Amino acid sequence: MKAKRCFCLISAALAAHMMIMPVWAEEAQAAATEAAAEAATEADLGEAAKVWESSSDLENGIFTVYIKSNAGEKEGCFWTLYSGDKGDATLYELLTQSTDEEGLAYVGSFRAMEGESGEDYIRIVHTNGFSVDEYMDFNIRIEDGEITEHTGGSHALPTTDQEFASVLSGDWEAEDGSNVFLSLSLNPAGGFDGVVSDAGGRDGMTELYSFRAEYDVIAEAFIYQNGAFTAAKITDGSETESEDAAGDTEGAGNGLIAFDPASESPEDLKLIFHDLAYAEEDIIFVRAK
């Protein structure tokens, strides 16, 4: 339960700062998603290429979603209902959900809110309790307080860290020339390690801001909640992390890194860094020269 509460709180905090991918990035991700779905149909690719299978039924106004178990499931991840930021606009309510049914990774039942009519969608997300790597939408029609039809749906497949690494890994600098720098690298445990630094400091010391960010497919951004300031020495004009600034350092800062929608190609990619613990305004990063 603790993990689920954390996921809901972070999702709500990020809702006001969700960014939209630039068109070229959306197209690249869509192509990768389609390729993954096609590859998953090839029996000789084994468990690693499996795509989650889902089904549903509607009986007496009760809509039930089933997701079959998958041998390739990531440790620590689970499926659950995502309420998001729809709030009072939601036309249905959850009756029950479980991840303990034999042969099923998830089963959830829903009914319409009393007196409601209209179109809505039920979003079931795959999460580690913090970030969402894929989700399924089940579109429903509601009439006079009863779910009457399952009208369609979609499945947003995950993008791997390795796919993002080619455009993210490396050094970035603030576009406005303020001497703020961002370094991103793959973390073996998943996600990306980030370090933000600047040219400030006194008495040979400065501060680095480090975190581990994970891609969230709903926010379309890399999100984190462990941002921490650590002391670092400045030697010969460079900044060197102290022993306390190791990659597993954790703090309470939270924020996100998103693709700037104004970017027209991978070559001119810009990143939006949003973290009020570090700066009062967003910082736009471009590739360091």
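Summary of the structure given here.

So, how was this worked out
- Residues numbered from 1 in each chain as written.
- Predicted model: local features only at pLDDT ≥ 70, side-chain atom pairs only at ≥ 80, totals over all residues.
- Heavy atoms only, no water.
- Core = buried A, V, L, I, M, F, W, Y, C linked by side-chain atoms within 4.5 Å.
- Buried < 20%, exposed > 50% of the residue type's maximum accessible area, 1.4 Å probe, protein only.
- Helix = DSSP H or I, 4+ residues; strand = E, 2+ residues; numbered from the N terminus.
- Contact = heavy atoms within 4.5 Å.
- Pairing = 2+ DSSP bridges.
- Axes fitted to C-alpha atoms, helices over the stretch in contact; angles between N-to-C directions.
- Polar contact = N/O pair within 3.5 Å; in protein donor to acceptor, adjacent residues only side chain to side chain.
- Arc of directions from axis to C-beta.
- Salt bridge = Lys/Arg side-chain N within 4 Å of Asp/Glu carboxyl O.

Structural notes on the nonpolar core
Stage number 1. Counting 32 residues, the largest nonpolar core has Leu-182, Val-196, Phe-211, Phe-222, Leu-271, Phe-273 and Phe-285 as the members making the most contacts within it.
Stage number 2. Here this core gets four residues from one element, more than from any other, and that element is strand β12 (residues 205-216).
Stage number 3. Ignoring any residue separated from it by four or fewer positions in sequence, one finds Leu-182 in contact with Gly-170, Asp-171, Trp-172, Val-195, Val-196, Phe-211, Ile-257, Leu-271 and Phe-285.
Stage number 4. With 19 residues, the next largest nonpolar core counts Phe-63, Val-65, Ile-67 and Ile-122 among its residues.

Comments concerning the sheet that holds strand β5 (residues 104-112)
Stage number 1. Judged by pairing direction, the sheet is antiparallel, and its four strands sit side by side in the order β1-β2-β5-β4 without closing on themselves. Only two strands of the sheet have a single partner each, and these edge strands are β1 (54-59) and β4 (92-98). Looking at each pair of strands side by side, their axes are set apart by 20 degrees on average, direction ignored.
Stage number 2. Of the pairings in the sheet, the one linking β1 to strand β2 (residues 62-68) comprises six bridges and is antiparallel in character. Considered in β2, the bridge of Glu-59 is made with Ile-62.

Description of the environment of Gln-97
Stage number 1. Turning to its location among the elements, Gln-97 is positioned in strand β4.
Stage number 2. Judged by relative accessible area, which is 30%, Gln-97 ranks as partly exposed.
Stage number 3. Apart from the residues lying within four places of it in its own chain, the contact partners of Gln-97 are Thr-80, Leu-81, Tyr-106, Val-107 and Gly-108.
Stage number 4. Engagement of the side chain of Gln-97 in a polar contact is seen with the side chain of Thr-80, the distance being 3.3 Å.

Re helix α3 (residues 161-168)
Stage number 1. The set of residues buried in α3 consists of Asp-161, Phe-164, Ala-165 and Leu-168. The arc that holds the buried residues of α3, viewed along the axis, is 120 degrees, so those residues lie on one side. Projecting away from the buried face of α3 at angles above 90 degrees are the exposed residues Gln-162 and Ser-166.
Stage number 2. Positive phi appears at Gly-170, one or two residues downstream of α3, with a value of about 125 degrees.

Re the pattern of salt bridges
Stage number 1. Going through the model one piece at a time under the given rule, you end up with eight salt bridges.
Stage number 2. Residue Asp-133 is joined to Lys-74 by a salt bridge in which the shortest nitrogen-to-oxygen separation is 2.8 Å. Residue Asp-133 is located in strand β7 (residues 132-143), and its partner Lys-74 is located in the loop between β2 and β3 (78-81); the two are separated by 59 residues in the primary sequence.
Stage number 3. Here Lys-74 falls in the partly exposed class, since its relative accessible area comes to 46%.
Stage number 4. In this structure, Glu-93 and Arg-111 form a salt bridge, with 2.7 Å as the shortest nitrogen-oxygen distance. Within this pair, whereas Glu-93 is found in strand β4, its partner Arg-111 is found in strand β5, the two being separated by 18 residues in sequence.
Stage number 5. It is possible to trace a salt-bridge network through shared partners that takes in Glu-119, Arg-141 and Glu-149.

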